[in-house]
There are 2 protein chains.
Amino acid sequence: MTPERYRRLRDVLDKRQPDLTVLMENVHKPHNLSAILRTADAVGVYEAHAVNPTGGVPTFHDTSGGSEKWVYLRVHPNVDEAVAHLKERGFTVYAANLSERALDYREVDYTLPSAVLLGAEKWGVSPRAAELADADVVIPMMGMVQSLNVSVAAAVILFEAQRQRLASGLYDRPRLDPLTYRRTLFEWAYP
Amino acid sequence: MTPERYRRLRDVLDKRQPDLTVLMENVHKPHNLSAILRTADAVGVYEAHAVNPTGGVPTFHDTSGGSEKWVYLRVHPNVDEAVAHLKERGFTVYAANLSERALDYREVDYTLPSAVLLGAEKWGVSPRAAELADADVVIPMMGMVQSLNVSVAAAVILFEAQRQRLASGLYDRPRLDPLTYRRTLFEWAYP
Ligand SMILES: C[S@@+](CC[C@H](N)C(=O)[O-])C[C@H]1O[C@@H](n2cnc3c(N)ncnc32)[C@H](O)[C@@H]1O
Ligand SMILES: C[S@@+](CC[C@H](N)C(=O)[O-])C[C@H]1O[C@@H](n2cnc3c(N)ncnc32)[C@H](O)[C@@H]1O
């Protein structure tokens, strides 16, 4: 562990946002899962969430850029438990969902604790997940195609959250509690 | 061709932006190419560009959502010819490139004619392409991973362009010249 490396780990931990996350509902293509975790890392997500009904361990693609080492992934048995977990921790859950009731994704305040729920490649957000979410958000589309790739949709929303959080200074000082900070630094430094 | 379908084709053509595009330099994974075209369609790109040094016809992934039917893709033999083509048509070329000189992507005015140049999955933007581009833009990253997935980077920049163009009314009335509009409507309606 060089001093430069240690400094870099601290710089990244100083910017981690414990109150910003994603919940992937049955996103199953490894390249999508990897791209989402890579984006999550870039905007400072500390821990991501997934619902994986097969109960299997998600696999990562060789193009993840190593993000699975830096963003914890908590796998929940079903969407009810996943959303309950997030709500207990104070998150508002926004389903990225092409529904009638959806708000424009740019209208939401992501400086408050926010979880972005993403649906499966083929089927989208399940009816049960949409029912559990606090609100739906949609990215306006002006073309012929009906939906965006799921990792693209995740990124567009998460970088809007990054923009808002940059503007309100949320990356300017450490946001993790001291215990989590020290424990994570130790895990990252001595894996 | 139902009247609804015809109306939908016109609605989409009414929003096409002839002065916003992407140039993909050796982006070769079909799922990335498809995701980028799907995003391009959603923000109103009329024609996208690619440099494909193998000279082969790019292949599309089954997850393109059919975008290759709605966004024309012009393949150039090399990056010099691609950039020359764009500059002759008045585009400013922004290389999405993690360089020292890069501007924050949010600082650029994409309501002016803009082409976003994207680099290959492994190697990024080539030195020659970076030399030809008018400026580099970078998406700020606060994590451990060095770069985003290329289709994610494309989307984050293109949806910033969409935001700016929505705000300045560029989607409010048709932007294609009448001849291109009629020709395209005909091609789309009677393929
Ligand atoms: C390929 S889409 C699923 C398409 C599915 N046929 C549907 O209608 O929901 C996969 C996921 O990406 C996200 N997504 C795609 N396009 C979106 C958009 N324009 N706005 C919000 N979320 C979007 C949603 O979470 C969606 O469940
Ligand atoms: C996976 S990256 C290439 C990584 C390559 N090792 C490099 O250093 O450029 C593929 C392409 O995505 C785009 N890209 C990825 N992350 C970006 C970022 N943070 N800002 C701007 N463009 C980015 C660039 O066009 C890049 O060439």
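Residues numbered from 1 in each chain as written. Chains lettered and ligands numbered in written order. Predicted model: local features only at pLDDT ≥ 70, side-chain atom pairs only at ≥ 80, totals over all residues. Heavy atoms only, no water.

With reference to specific residues and values, describe the interface of chain B and chain A.
Where the parts come together, the accessible area they lose is often given as the size of the interface. Counting residues at the interface gives 43 residues for chain B, matched by 43 residues for chain A. Carbon and sulfur atoms make up 63% of the area that chain B and chain A hide from each other, which totals about 3500 Å². Seen at the junction of chain B and chain A, the total is zero salt bridges. There are 21 residue pairs in polar contact (both at pLDDT 80 or more) connecting chain B and chain A. The element best represented in the side of chain B that touches chain A is helix 5 (residues 150–167) of chain B, accounting for eight residues. Classifying every residue of the side of chain B that touches chain A by side-chain character gives 20 nonpolar, 14 polar and nine charged. (Contact = heavy atoms within 4.5 Å. Buried area = accessible area lost by both parts, 1.4 Å probe. Salt bridge = Lys/Arg side-chain N within 4 Å of Asp/Glu carboxyl O. Polar contact = N/O pair within 3.5 Å; in protein donor to acceptor, adjacent residues only side chain to side chain. Helix = DSSP H or I, 4+ residues; strand = E, 2+ residues; numbered from the N terminus. Nonpolar A, V, L, I, M, F, W, Y, C, P; charged D, E, K, R; others polar.)

Explain the site of ligand 1 to me, using residue names and the numbers behind them.
Around ligand 1 there are 19 residues in total, and Ala96(A), Gly119(A), Gly124(A), Ile139(A) and Leu148(A) lie nearest to it. Lying at an intersection of chains, ligand 1 is approached by residues of chains A and B. Take Gly119(A): an N or O atom from its main chain is 3.0 Å from an oxygen atom of ligand 1. In this structure, Lys122(A) approaches ligand 1 through a main-chain N or O atom, which is 3.4 Å from a nitrogen atom. Across the complex, the protein chains shield 85% of the 560 Å² of accessible surface that ligand 1 would expose by itself. Among the secondary structure elements, those contributing two or more residues to the shell around ligand 1 are strand 7 (135–138) and helix 5 (150–167) of chain A. For the shell around ligand 1, the residue count by class is 12 nonpolar, four polar and three charged. (Near = heavy atom within 4 Å. Areas by Shrake-Rupley, 256 points an atom, 1.4 Å probe, with all protein chains shown as cover.)

Help me get a handle on the site of ligand 2, residues and values and all.
Residues and elements named next belong to chain B. The full set close to ligand 2 counts 19 residues, and Ala-96, Gly-119, Gly-124, Ile-139 and Leu-148 are the nearest of them. In this structure, an oxygen atom belonging to ligand 2 sits 3.4 Å away from a main-chain N or O atom of Val-125. For ligand 2, the accessible surface in isolation is 570 Å², of which the surrounding protein chains cover 86%. Split into classes, the residues belonging to the shell around ligand 2 amount to 12 nonpolar, four polar and three charged.

Any chance you could break down empty space enclosed by the protein for me, citing the residues and the numbers?
For the structure shown, the criterion picks out two cavities of 30 Å³ or more. The space that makes up the largest cavity amounts to roughly 110 Å³. As for the largest cavity, its lining consists of 13 residues, of which Tyr105(A), Val156(A), Glu160(A), Tyr105(B) and Glu160(B) are closest to the centre. Elements with a minimum of two residues in the lining of the largest cavity: helix 5 of chain A together with helix 5 of chain B. Broken down by element, the lining of the largest cavity gets its largest block of residues, five residues, from helix 5 of chain A. Here the lining of the largest cavity is built from residues that sort into seven nonpolar, no polar and six charged. What the second largest cavity holds in volume is close to 30 Å³. Along the walls of the second largest cavity sit His31(A), Asn32(A), Ala35(A), Asn149(A), Ser151(A), His31(B), Asn32(B), Asn149(B) and Ser151(B), which together make up its complete lining. Contributions of two or more residues to the lining of the second largest cavity are made by helix 2 (30–43) of chain A together with helix 2 (30–43) of chain B. Among the elements that take part in the lining of the second largest cavity, helix 2 of chain A stands out by supplying three residues, more than any other. (1 Å grid on protein atoms, 1.4 Å probe; cavity = no way out; pocket = protein on both sides within 12 Å on 5 of 7 lines; lining within 4 Å. Points joined across faces, edges and corners; volume = space filled by probe spheres on them.)

Can you lay out the side chain of His31(B) for me, pointing to particular residues and giving the numbers?
Mapped onto the secondary structure, His31(B) falls in helix 2. A distance of 3.3 Å separates a polar atom in the side chain of His31(B) from a polar atom in the side chain of His31(A). Here the side chain of His31(B) touches Asn32(B) through a polar contact of 3.4 Å, side chain to side chain.

How would you summarise the sheet that holds strand 7 of chain A if you had to cite specific residues and measurements?
Think of a sheet as strands paired side by side through backbone hydrogen bonds, with each pair either parallel or antiparallel. Residues and elements named next belong to chain A. Pairing within the open sheet is parallel, and its seven strands lie in the order 3-2-1-6-4-7-5. The outermost strands of the open sheet, each flanked by one partner alone, are strand 3 (72–76) and strand 5 (103–104). In this sheet, strand 3 lies alongside strand 2 (residues 47–51) in parallel orientation, the contact comprising five bridges. Each residue of the ladder has a partner; that of Ala-50, found in strand 3, is Val-75. With respect to the sheet, helix 3 (residues 79–88) is in contact with strand 1 (20–25), strand 2, strand 3, strand 4 (92–96) and strand 6 (114–118), its orientation differing from that of strand 1 by roughly 170 degrees. (Pairing = 2+ DSSP bridges. Axes fitted to C-alpha atoms, helices over the stretch in contact; angles between N-to-C directions.)

Could you give an account of the packing of helix 2 of chain B against helix 5 of chain B, naming the residues involved and the relevant values?
Residues and elements named next belong to chain B. Running from amino to carboxyl end, helix 2 crosses helix 5 at an angle of 5 degrees, the nearest separation of the two axes being 9 Å. Viewed along their axes, helix 2 and helix 5 adopt a mutual orientation that is roughly parallel. Residues Asn-32, Ala-35, Ile-36, Thr-39, Ala-40, Ala-42 and Val-43 of helix 2 form the contact with helix 5, whose own contacting residues are Val-150, Ser-151, Ala-154, Ala-155, Leu-158, Phe-159 and Gln-162. In the contact of helix 2 with helix 5, the residues fall into 10 nonpolar, four polar and no charged. (Parallel < 35°, antiparallel > 145°, perpendicular 65-115°, else oblique.)

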